[in-house]
Amino acid sequence: MQALWINLAGLAAIVLTVWWFWLAPKGRKPQTVRVDEDLEIRVKDGVYEPERVHIPEGREAVLRFRREDASPCAEWVLFPDLEVSAQLAVDKITEVTIPATDAGEYPFHCQMQMYRGTLVVE
Ligand SMILES: [Cu+2]
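Note that the coordinates shown come from a computational prediction; the quantities given were computed from them, not determined experimentally. (Residues numbered from 1 in each chain as written. Predicted model: local features only at pLDDT ≥ 70, side-chain atom pairs only at ≥ 80, totals over all residues. Heavy atoms only, no water.)

Bringing the overall build of the chain into the picture now. For the chain, the count of helices and strands is one helix and ten strands. Along the chain, helices and strands appear, N-terminal first, in the series α-β-β-β-β-β-β-β-β-β-β. The proportion of buried residues among the 122 residues of the chain is 31%. The contacts in the chain between residues at least 6 apart in sequence include a share of 56% that link residues at least 24 apart. Taken as a whole, the chain presents about 8,100 Å² of accessible surface, with 56% of it coming from carbon and sulfur. (Helix = DSSP H or I, 4+ residues; strand = E, 2+ residues; numbered from the N terminus. Buried < 20%, exposed > 50% of the residue type's maximum accessible area, 1.4 Å probe, protein only. Contact = heavy atoms within 4.5 Å. Areas by Shrake-Rupley, 256 points an atom, 1.4 Å probe, with all protein chains shown as cover.)

The next point concerns the coordination of the copper ion. Coordination of the copper ion by the protein involves Cys 73 (O), Cys 73 (SG) and Cys 110 (SG), with metal-donor separations of 2.0 to 2.7 Å. Here the residue Cys 73 occupies a position in the loop between strand S5 (61–67) and strand S6 (76–79), and Cys 110 occupies one in the loop between strand S9 (104–109) and strand S10 (116–121), the gap between them amounting to 37 residues. Taken individually, Cys 73 and Cys 110 each receive the classification buried, so the pair is uniform in this respect. (Donors = N, O, S within 2.8 Å, 3.2 Å for Na, K, Ca; no water.)

Right, let's get into the pattern of salt bridges. By the definition in use, this model includes four salt bridges. We note a salt bridge from Arg 42 to Glu 68, for which the minimum N-O separation is 3.7 Å. Residue Arg 42 is found in strand S2 (residues 41–44), and its partner Glu 68 is found in the loop between S5 and S6; the two are separated by 26 residues along the sequence. Residue classification places Arg 42 among the partly exposed residues on the basis of a relative accessible area of 31%. In this structure, Glu 105 and Arg 52 form a salt bridge, with 2.8 Å as the shortest nitrogen-oxygen distance. Of this pair, Glu 105 sits in strand S9 while Arg 52 sits in strand S4 (residues 52–55), placing them 53 residues apart in sequence. (Salt bridge = Lys/Arg side-chain N within 4 Å of Asp/Glu carboxyl O.)

Inspection of the secondary structure assignment puts Thr 118 in strand S10. Sequence-wise, Thr 118 and Tyr 48 are 70 residues apart; in three dimensions their C-alpha atoms are separated by 9.5 Å. Excluding residues within four positions of it along the chain, Thr 118 makes contact with Glu 51, Arg 52, Val 53, Glu 105, Tyr 106, Pro 107 and Phe 108.

We now examine the nonpolar core. Tyr 48, Leu 63, Phe 65, Val 77, Phe 79, Ile 98 and Leu 119 are the most contacted members of the largest nonpolar core, which totals 25 residues. When residues of this core are assigned to their parent elements, the largest contribution, three residues, is made by S5. When neighbours within four sequence positions are excluded, Tyr 48 is seen to be in contact with Ile 41, Arg 42, Val 43, Phe 65, Trp 76, Val 77, Phe 108, His 109, Cys 110, Tyr 115, Arg 116 and Gly 117. (Core = buried A, V, L, I, M, F, W, Y, C linked by side-chain atoms within 4.5 Å.)

Before going further, it helps to spend a moment on the confidence of the model for the chain. Atomic detail in the predicted coordinates should be set aside for any region of low pLDDT. Across the chain, pLDDT averages 85, with 76% of residues at or above 70. With pLDDT under 50 throughout, residues 27–33 is counted as low confidence; its partners more than four residues away or in other chains account for twelve contacts. (pLDDT = per-residue confidence, 0-100.)

All right, on to the pairing of S9 then. Bridging between S9 and S10 involves six bridges; their strand directions are antiparallel. Within S10, the residue paired with His 109 across the bridge is Arg 116. Hairpin connection of S9 to S10: six residues between the antiparallel strands, including Gln 113 at a positive phi of 65°. (Pairing = 2+ DSSP bridges.)

If you want it as structure tokens, here you go:
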């Protein structure tokens, strides 16, 4: 009986692995991504990727920026309408907390407005 349970556990692990690597929905270079634990916003070559980020209305959200551009241009990210700004560390994740907000579109950009993105609260 115990062997059966071990086999079932092994089978479940295999199924989960297959699902995760082959069957789970994955966006290919999505322009729009729901905020979740795995979302990173890459800061590289003059673009935020993804450049549109969706977060739920009325809930605080944490955005993770990974700055791969060492130039000073990319150093800060500003959400002027939300009065949020953050200094981004190079080659690291910087977490930026967005306060609970009404639905709408809120642009964000670097201090020179060369990098540009939109936070979509819905
Ligand atoms: Cu800039």
